[in-house]
Amino acid sequence: MASDFVKTRLPELFGDGKLLCAESVVQVVAEAGGRECQDLVRAATGFCSGLSRTRGQCGAVSGALLGMGLYAGREKAGGDHEACYALIQEFLSRFDDRFGSINCYELIQCDFADPEDQERYRRENLRRECYRMAVFAAETALSILREHGYLADEDEFVKSRLAP
């Protein structure tokens, strides 16, 4: 079910003047469990384009981690964080196994701080690679959350979004 939701919702959000990578992924993960996420989407902006054009972590990865934290993060100061850490490590391992890195620059060989690379990103339509990673990130985050009992197999919100 998550796959259908992700593949339907992500294209509505990502690119073409809409949301960026981290913003899109965190919104999809939040929405899959019926969570409100406007403030979190706003907070995710700085994680896009390889941590604000610093050649850092992939924004799709960052968005997935933020989204997973909505469900598995500590509910109060001093609470246990080990379960969340284990889920995040599992996600990072799966992403790295699939793509060979979690680093934006290593993944698409584009320095978003360089105007020539920005132009190459547009010209070569590298957004399709980012989109592919965003789909994987959202699907993987939701899968892990479901596998560990943080989300139901078929959330009411997802079912309502997919209903005709």
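Going by the structure above, here's the rest.
The rules behind these values
- Residues numbered from 1 in each chain as written.
- Predicted model: local features only at pLDDT ≥ 70, side-chain atom pairs only at ≥ 80, totals over all residues.
- Heavy atoms only, no water.
- Helix = DSSP H or I, 4+ residues; strand = E, 2+ residues; numbered from the N terminus.
- Buried < 20%, exposed > 50% of the residue type's maximum accessible area, 1.4 Å probe, protein only.
- Axes fitted to C-alpha atoms, helices over the stretch in contact; angles between N-to-C directions.
- Parallel < 35°, antiparallel > 145°, perpendicular 65-115°, else oblique.
- Left-handed = near helix turned anticlockwise from the far one by under 90°.
- Contact = heavy atoms within 4.5 Å.
- Phe/Tyr/Trp six-rings, centres within 6.5 Å; stacked < 30°, edge-to-face > 60°.
- Lys NZ or Arg CZ within 6 Å of the ring centre and 35° of its normal.

Comments concerning unusual backbone geometry
A positive phi angle is found at Arg 55, which is not glycine, with a value near 65°. Residue placement: Arg 55 occurs in the loop between α4 (48–53) and α5 (59–72). You can call Arg 55 partly exposed: its relative accessible area is 40%. In this structure, Asn 125 is a non-glycine residue whose phi angle is positive, near 50°. The residue Asn 125 is located in the loop between α8 (115–123) and α9 (127–147) in this model. Residue Asn 125 is classed as partly exposed on the basis of its relative accessible area of 36%.

Quick notes on the packing of α5 against α9
Interhelical geometry of α5 versus α9 gives an angle of 20° and a closest axis separation of 9 Å. Relative to α9, the element α5 is oriented roughly parallel. Between α5 and α9 the crossing geometry is right-handed. On α9, the residues touching Ala 60, Ala 64, Met 68 and Tyr 71 of α5 are Met 133, Ala 134, Ala 137, Ala 141, Ile 144 and Leu 145.

As for the packing of aromatic side chains
All chains considered together, the criterion is met by six aromatic pairs. Here the aromatic rings of Phe 99 and Phe 136 are separated by 5.3 Å at their centres, their planes lie at 90°, and the arrangement is edge-to-face. Of this pair, Phe 99 sits in helix α6 (residues 82–99) while Phe 136 sits in helix α9, and the two are 37 residues apart along the sequence. Owing to a relative accessible area of 14%, Phe 136 belongs among the buried residues under this scheme. Through successive ring pairs, a cluster of aromatic residues spans Phe 91, Phe 95, Phe 99 and Phe 136. Directly above the aromatic system of Tyr 105 lies the positively charged group of Arg 55, at a separation of 3.7 Å from the ring centroid.

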